[in-house]
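Descriptive structure summary
One letter stands for each residue in the lines below.
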Amino acid sequence: MDDQTLVPWNIFDNLPDPILVLDRDCRITAANNAAVDLFGTKIQGLDLVLILRQPAALAAASVALEGGGPETVEITFYSSIPRTFRVIASAVPRNDGVSQAVIIMHDTTNEKRVESMRADFVANVSHELRSPLASLLGFIETLLGPARDDDKVRGRFLDIMKTEAERMARLIDDLLSLSRLEADEHIHPRHLLALSPILLRAAEVVRDRAKAKGIKLVMDIPENLPNVLGDDDQLMQVFQNLFDNAIKYGWENSAIIVSVNLIDTMPRQACPGVIVSIADQGDGIPAHHLPRITERFYRVDKARSKSLGGTGLGLAIVKHIVGRHRGQLGITSTEGEGSTFTVTLPVA
Ligand code: ADP
């Protein structure tokens, strides 16, 4: 291998990981396409320190050039979008005994992001479960102690404990739903379904809750709607969640308008679709919350959601199910007027 030229290194050029070869003076003698993309075309003959100002990576390269290693270190480039790499430096034996090393860099940015999302999720779940549990324990202690013989207090506390226990049960149900959904996210549902009966059933389930708040549920569903390919239980879960939210966050004595329409072409998909829109009258959602509203445990007003029995997982579940159906979820809202959630599903 010529020490001064970047050798056309065909076998490594299609690899996504940047690879560099260093001579005994730590100068670059070869680089694959991914390394050229990362560091630029003018790296031939440069000292590694000029392109990789990372003490850990330089130390690993030195160890490899002294015949040690392989050494593995993690480095981060702090540009506008930080990128993390796992760098492996290994010695490459040469027949003439002159030392040489190879540096392989594996982009771990995505792995790190997923890892930190998982850690956040576990922390969130623990927190969400711990607060009702702490309140249950507090009430149990009071009932075993000072309130032991107070019938009136016992009744009131048991009511609160029931509400807290139900919230924990709902949270666990929602978490199980999410994990099941993740498991078969890439399997598209195959059953031919009519949407109207599902919408009517979902409306029936929430009708009492709507009535209790004086909310009118107005259904405007045309006849002869084409079928969709779907999973009956999951679509029921979608509409029940959206109706429930419209009732929870809608004003007393307001109306929820559920309308269904056909569209010729779904955005970004060359097929006709059925669009279900659920419009409530309520405080609405401030615009800056909209991009994050479907994230797990994201709530506009945490205290309000909790006092209404919310788990903060409903819209995350809705988004997953709609995605699995190759559908689209749309959210628009005007503060002081209300919100409209739309679910568009491709026609079968
Ligand atoms: P939650 O269990 O808190 O209702 P969701 O995932 O269903 O969780 O909704 C997330 C958040 O989005 C809610 O906490 C609420 O702040 C907001 N939200 C959802 N639906 C509506 C709606 N129809 N009107 C106003 N805000 C809503």
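Everything quoted here is computed from the prediction, not taken from an experiment. (Residues numbered from 1 in each chain as written. Predicted model: local features only at pLDDT ≥ 70, side-chain atom pairs only at ≥ 80, totals over all residues. Heavy atoms only, no water.)

Helix and strand content of the protein chain: 10 helices and 12 strands. What you see for the protein chain is a C-alpha radius of gyration of 29 Å, clearly larger than the 20 Å of a compact globule of 348 residues, by over 25%. In terms of its C-alpha atoms, the protein chain occupies a principal-axis envelope of roughly 90 × 65 × 35 Å. A buried classification covers 40% of the 348 residues belonging to the protein chain. (Helix = DSSP H or I, 4+ residues; strand = E, 2+ residues; numbered from the N terminus. Rg over C-alpha atoms; globule rule 2.2 N^0.38 Å. Buried < 20%, exposed > 50% of the residue type's maximum accessible area, 1.4 Å probe, protein only.)

Evaluation of the coordinates by the stated rule reveals 4 aromatic pairs. Directly above the aromatic system of Phe121 lies the positively charged group of Arg296, at a separation of 4.9 Å from the ring centroid. (Phe/Tyr/Trp six-rings, centres within 6.5 Å; stacked < 30°, edge-to-face > 60°. Lys NZ or Arg CZ within 6 Å of the ring centre and 35° of its normal.)

So, on to the packing of helix H7 (residues 195-212) against helix H8 (residues 232-249). Contact pair H7 / H8: the axes reach a minimum separation of 9 Å and the direction vectors enclose 40°. Taken together, the axes of H7 and H8 lie oblique to each other. Crossing of H7 against H8: the hand is right-handed. Judged by residue contacts, Leu195, Ile198, Leu199, Arg201, Ala202, Ala203, Val205, Val206, Arg209 and Ala210 of H7 engage Asp232, Leu235, Met236, Phe239, Gln240, Phe243, Asp244 and Ile247 from H8. Classifying every residue of the contact of H7 with H8 gives 13 nonpolar, 1 polar and 4 charged. (Axes fitted to C-alpha atoms, helices over the stretch in contact; angles between N-to-C directions. Parallel < 35°, antiparallel > 145°, perpendicular 65-115°, else oblique. Left-handed = near helix turned anticlockwise from the far one by under 90°. Contact = heavy atoms within 4.5 Å. Nonpolar A, V, L, I, M, F, W, Y, C, P; charged D, E, K, R; others polar.)

Here the focus is helix H6 (residues 151-183). Taking 1.5 Å as the rise per residue, H6 with 33 residues should run 48 Å; its terminal C-alpha atoms sit 48 Å apart, in good agreement. Elements that come into contact with the buried residues of H6 comprise helix H5 (109-144), H8, helix H9 (302-307) and helix H10 (314-324). (Expected span 1.5 Å × (residues − 1).)

Under the criterion given, the structure shown has 20 salt bridges. For Arg296, the salt bridge identified is with Glu182, shortest N-O distance 2.4 Å. One end of the pair, Arg296, is in the loop between strand E10 (273-279) and H9; the other, Glu182, is in helix H6, and 114 residues separate them in sequence. Relative accessible area serves as the criterion here: at 37%, Glu182 is assigned to the partly exposed category. A salt bridge links Arg201 to Asp232, with the nearest nitrogen and oxygen atoms 3.1 Å apart. Taken together, the positions of Arg201 in helix H7 and Asp232 in helix H8 put the pair 31 residues apart, joining distant regions of the chain. Owing to a relative accessible area of 27%, Asp232 belongs among the partly exposed residues under this scheme. (Salt bridge = Lys/Arg side-chain N within 4 Å of Asp/Glu carboxyl O.)

You can see Leu133 is positioned in helix H5. Sequence spacing of Leu133 and Met168 is 35 residues, and the spatial spacing of their C-alpha atoms is 8.0 Å.

Time to look at the environment of Leu171. Position of Leu171 among the secondary structure elements: in helix H6. A residue is classified by how much of its surface remains accessible, and Leu171, at 4% relative accessible area, is buried. For the pair formed by Leu171 and Asp150, sequence separation is 21 residues and the distance between their alpha carbons is 31 Å. Leaving out residues up to four positions away in the same chain, Leu171 has contacts with Glu128, Leu129, Phe297, Thr311 and Leu313.

This part takes up the layout of surface pockets. Empty space within the largest pocket amounts to approximately 1100 Å³. Taken together, 42 residues line the largest pocket, and the ones lying closest to its centre are Asp244, Asn245, Lys248, Tyr249 and Gly310. Those elements that place two or more of their residues in the lining of the largest pocket are H6, H8, H9, H10 and strand E12 (338-346). When residues in the lining of the largest pocket are grouped by element, the largest group, 10 residues, is from H8. Taken together, the residues of the lining of the largest pocket break down into 15 nonpolar, 15 polar and 12 charged. The space that makes up the second largest pocket amounts to roughly 420 Å³. Residue lining of the second largest pocket: 14 residues in total, with Met117, Phe121, Glu182, Glu295 and Arg296 positioned closest to the centre. Secondary structure elements with two or more residues in the lining of the second largest pocket: H5 and H10. If you tally residues by element for the lining of the second largest pocket, the top one is H5, at 6 residues. (1 Å grid on protein atoms, 1.4 Å probe; cavity = no way out; pocket = protein on both sides within 12 Å on 5 of 7 lines; lining within 4 Å. Points joined across faces, edges and corners; volume = space filled by probe spheres on them.)

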